[in-house]
Amino acid sequence: MTYHRWLFAIILICATHAQAFEPTVEIVEQFDNSRVVAFVKKNDIENSPEWNPNRDAPPLSVALAVDKVEQFNQSKAIGAIKEIEIRPVPRHPTHWHYLIKVDDDEMRTKYAVYVVLMNGMVIPAIIEPQSYK
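Quick caveat, the model's predicted, so the values are computed rather than measured.

Thresholds, definitions, all that
- Residues numbered from 1 in each chain as written.
- Predicted model: local features only at pLDDT ≥ 70, side-chain atom pairs only at ≥ 80, totals over all residues.
- Heavy atoms only, no water.
- Buried < 20%, exposed > 50% of the residue type's maximum accessible area, 1.4 Å probe, protein only.
- Helix = DSSP H or I, 4+ residues; strand = E, 2+ residues; numbered from the N terminus.
- Pairing = 2+ DSSP bridges.
- Contact = heavy atoms within 4.5 Å.
- Salt bridge = Lys/Arg side-chain N within 4 Å of Asp/Glu carboxyl O.
- Phe/Tyr/Trp six-rings, centres within 6.5 Å; stacked < 30°, edge-to-face > 60°.

### So, the pairing of strand S4 (residues 92-103)
Next, step 1: With nine of 12 residues buried, S4 is to be regarded as a mostly interior element.
Next, step 2: One ladder, built from eight bridges, connects strand S3 (residues 81-89) with S4; its direction is antiparallel. Paired with Arg 87 across the strands is His 97, a residue of S4.
Next, step 3: The hairpin turn running from S3 into S4, its antiparallel successor, is two residues long, and Arg 91 in that turn takes a positive phi close to 65°.
Next, step 4: One ladder, built from seven bridges, connects S4 with strand S5 (residues 111-117); its direction is antiparallel. Residue pairing across strands places Leu 99 opposite Val 115, the latter belonging to S5.

So this is what it looks like as structure tokens:
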């Protein structure tokens, strides 16, 4: 019985960790016939520069966004870039992000997708498998 009390206490301590309550934003995008999902902390989005595409150039250039993805994958070179898009962050219309699709022979999928915020933060996206009917 004591074992269960200790286990409960450990689970409670882990569940109340401060980061467990940090709000996240789920970025779900349809990208090249695939659905990609990334989870980004709300503070990271708010700390990213705002951008108005009607007035200014993006705060992070395409070249720098690609460099950030390469730095993120420092253990290996990234494959050829297949596609880059820039989109607003859902429910944060003044904050934008890049979607960068690269070849990735090491993964089971043929490519990897990264979300890059305008402050240079890179978040790997999850490619949801297509359901078959």
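### Topic: the environment of Ser 48
Next, step 1: Assignment of secondary structure puts Ser 48 in the loop between helix H2 (42-46) and helix H3 (62-72).
Next, step 2: You can call Ser 48 buried: its relative accessible area is 4%.
Next, step 3: What Ser 48 contacts, discounting residues up to four positions off in sequence, is His 95, Leu 117, Met 118 and Asn 119.

### As for the pattern of salt bridges
Next, step 1: This structure, assessed with the given rule, holds three salt bridges.
Next, step 2: With its nearest N and O atoms 2.7 Å apart, the salt bridge here joins Arg 87 to Glu 29. With Arg 87 in strand S3 and Glu 29 in strand S1 (residues 24-31), this residue pair connects regions lying 58 residues apart in the sequence. Each member of the pair, Arg 87 together with Glu 29, is buried.
Next, step 3: Glu 85 is paired through a salt bridge with Arg 87; the nearest N and O atoms lie 2.5 Å apart.
Next, step 4: Classification of Glu 85 by relative accessible area gives partly exposed; the value is 24%.
Next, step 5: Under the relative-accessibility criterion, Arg 87 is labelled buried at 16%.
Next, step 6: Bridged by salt links that share partners, the residues Glu 29, Glu 85 and Arg 87 form one connected network.

### Observations regarding the packing of aromatic side chains
Next, step 1: This structure, assessed with the given rule, holds two aromatic pairs.
Next, step 2: Between Trp 51 and Trp 96, the aromatic rings sit 5.0 Å apart at their centres with planes inclined by 75°, giving edge-to-face as the arrangement. With Trp 51 in the loop between H2 and H3 and Trp 96 in strand S4, this residue pair connects regions lying 45 residues apart in the sequence.
Next, step 3: Judged by its relative accessible area of 15%, Trp 96 falls in the buried class.
Next, step 4: Each ring, one from Phe 72 and one from Tyr 114, has its centre 6.0 Å from the other, and the planes form 70°; the classification is edge-to-face.

In short, the description is geometric, and any link to function would need to be established separately.
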